[in-house]
Amino acid sequence: MNSLSKFLVLFGNTTLLSKLEFESLYPTLSLTKLDEHLYSFESETDLSTEMMEVLGGTVKIFGVVKEFESNIADETLIEEIVALLLSQTDEPYFTFSQTGKGQREISNADIKDLIKENGKKARYFSGELSESALLSHKSKATELLSFNDKVSGKLILAQLRVVQDIDDWTKRDRNKPYADRKKGMLPPKVARMMVNIASGLWQQKNEAKPLLYDPFCGTGTVLLEAGMRDLDVYGSDIDQNAVFGSRDNLEWFKQEYGKQIESKVFYMDAGHLDLATFTSKVDLLVTEPFLGKQTPRDSELANVFKGLEKMYLGSFKSFTKVLSDGAVVAIVFPRVSTAKRTYSLDSLIDKLKTKGYNLVVDPVLYAREGARVARQICLFSFHSSIK
Ligand SMILES: C[S@@+](CC[C@H](N)C(=O)[O-])C[C@H]1O[C@@H](n2cnc3c(N)ncnc32)[C@H](O)[C@@H]1O
């Protein structure tokens, strides 16, 4: 039997969503929380490279190198770090950071000094744990992390295995030919997490490759991220510009990434879907509908949400025409908080039950700093037998 290795995973700002994404795709790996963004898991094989290509919400994955008693002296820990660095290269280019409570008085300079005392050269860089992503991605420097685990009484020393390729994420966000920032585009990482959560949940019960559909496709962010996962995709929108734009974006994407996926984008009102346009039923419906005005006034909100509830309910009723039994729906619900109250579509969730949609996990909030309208990511499973 292979022995288990331990890994640390650093999630992005959307920790809950990132965690749900991880757990949906890797249900057999159990995550243990270390601090706000840092979790650990054990695995027989090193899946870190594959994971980083797939996951949208994971910033870094570290492999645990060694665990010490948490009362290890600072000097001993520095010696261990230096021994580790020099076992890998004669001229280390490194950074050492710490997270969590009980951090040590150990700096990069202390480590460099000891390397020099060993007659070797060394360089280091500094930065926040999450910010140094760009640096280490580019430089292939050695990045070490220590975490004082109060629960196990161990000090964990880990080395970076893989880091998110920020340039590639930015490329899909910024370089696609069609954009419409006025309508509000979904950040690609959030789109990817929604795709992964939906496909992960679906794959836990099915073997065949699912077909994904976004009935409010806009610029096609969801379609591109599903394409990155090699899924065949359908998209539609009520705006002809979005239809042509999404088609252009998909063609650009297929060329840029050499992807052979099937895609079809058409004009359609999400409230009046027509199954005849679909060659097969939809297994994953992943979408961000119209969320109302981006900066509504307080006095408008009651009416805005009344209108949205009607539109959402009509759309869900219409979705039933094209969904396969057991389909998974990942959808953004808008949420706005004022000084007086919060406006949401929570009341819709019970109504949807009677239409065959069951909430599978608690909705996860995704709020961009400064944005008036927050997004609540809701996951439903659909069963056509419930009428
Ligand atoms: C918030 S945008 C989606 C943005 C998309 N996620 C992206 O990243 O580009 C909502 C889209 O829904 C479309 N839309 C609004 N009402 C619709 C309806 N009844 N049927 C289909 N599309 C609709 C709008 O034209 C718009 O493109």
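Residues numbered from 1 in each chain as written. Predicted model: local features only at pLDDT ≥ 70, side-chain atom pairs only at ≥ 80, totals over all residues. Heavy atoms only, no water.

Asks: What should I look at first to understand the sheet that holds strand β2 (residues 32-33) in this one?
Replies: Pairing between sheet strands relies on hydrogen bonds along the backbone, with the strands arranged either parallel or antiparallel. Across the sheet, eight strands lie side by side as β2-β3-β1-β4-β8-β7-β5-β6; this open sheet has mixed pairing. In this open sheet, the two edge strands, each paired with only one partner strand, are β2 and β6 (123-124). As paired elements, strand β1 (residues 5-11) and strand β4 (residues 58-69) share five bridges and run antiparallel to each other. Pairing of Leu8 across the sheet is with Phe62, part of β4. (Pairing = 2+ DSSP bridges. Helix = DSSP H or I, 4+ residues; strand = E, 2+ residues; numbered from the N terminus.)

Asks: How do you make sense of unusual backbone geometry when you look at a structure like this?
Replies: In most cases, non-glycine residues show a negative phi, while peptide bonds are predominantly trans. For Asp230, which is not glycine, the phi dihedral falls at a positive 65°. One can find Asp230 in the loop between α8 (221-228) and β10 (232-237).

Asks: Got a minute to help me understand the domain arrangement of the chain in this structure?
Replies: Put simply, an interface is often sized by how much accessible area is lost when its parts join up. Annotation of the chain at the domain level lists domain 1 (5-164) and domain 2 (169-382). The C-alpha-based centres of domain 1 and domain 2 are spaced at 35 Å. In this assembly, 16 residues from domain 1 lie in contact with 16 residues from domain 2. Taken together, the two surfaces of domain 1 and domain 2 that pack against each other cover about 1300 Å², and 72% of this comes from carbon and sulfur. For domain 1, the biggest contributors to the area lost against domain 2 are Leu17, Leu20 and Ser24; these three give 39% of the whole. For the pair domain 1 and domain 2, the interface holds zero salt bridges. Elements represented by at least two residues in the side of domain 1 that touches domain 2 include exactly α1 (15-25) and α2 (48-54). Its residues assigned to classes, the side of domain 1 that touches domain 2 comprises seven nonpolar, six polar and three charged. (Domains from an automatic or database assignment. Contact = heavy atoms within 4.5 Å. Buried area = accessible area lost by both parts, 1.4 Å probe. Salt bridge = Lys/Arg side-chain N within 4 Å of Asp/Glu carboxyl O. Nonpolar A, V, L, I, M, F, W, Y, C, P; charged D, E, K, R; others polar.)

Asks: Would you explain the pattern of salt bridges in this entry?
Replies: Opposite charge on two side chains permits pairing when their charged atoms draw close. Under the counting rule described, the total for this entry stands at 21 salt bridges. A salt bridge links Lys254 to Glu251, with the nearest nitrogen and oxygen atoms 3.8 Å apart. With a gap of three residues between them, Lys254 and Glu251 both fall in helix α9 (residues 240-257), about one helical turn apart. A salt bridge links Glu300 to Arg297; the nearest nitrogen and oxygen atoms lie 3.7 Å apart. Relative accessible area serves as the criterion here: at 18%, Glu300 is assigned to the buried category. Within this structure, Asp168, Arg172, Arg192 and Glu225 form a network of salt bridges that share partners. (Buried < 20%, exposed > 50% of the residue type's maximum accessible area, 1.4 Å probe, protein only.)

Asks: I tried to follow the site of the ligand on my own but got confused; where do I start?
Replies: What surrounds the ligand is a group of 19 residues, the closest being Leu186, Thr219, Thr221, Asp237 and Ala270. For the ligand, an oxygen atom lies 2.6 Å from a polar atom in the side chain of Asp237. A distance of 3.2 Å separates a nitrogen atom of the ligand from a polar atom in the backbone of Ile238. Alone, the ligand offers 610 Å² of accessible surface; in the complex the protein occludes 90% of this. (Near = heavy atom within 4 Å. Polar contact = N/O pair within 3.5 Å; in protein donor to acceptor, adjacent residues only side chain to side chain. Areas by Shrake-Rupley, 256 points an atom, 1.4 Å probe, with all protein chains shown as cover.)

Asks: In this structure, what is going on with the side chain of Arg172? I would like to understand it.
Replies: By the element assignment, Arg172 lies in helix α6 (residues 166-174). With a relative accessible area of 2%, Arg172 lands in the buried category. Here Asp168 takes part through its side chain, which lies 3.0 Å from a polar atom of the side chain of Arg172. If we skip the residues at most four places from it in the chain, Arg172 touches Arg192, Glu225, Met228, Trp252, Phe253 and Tyr257.

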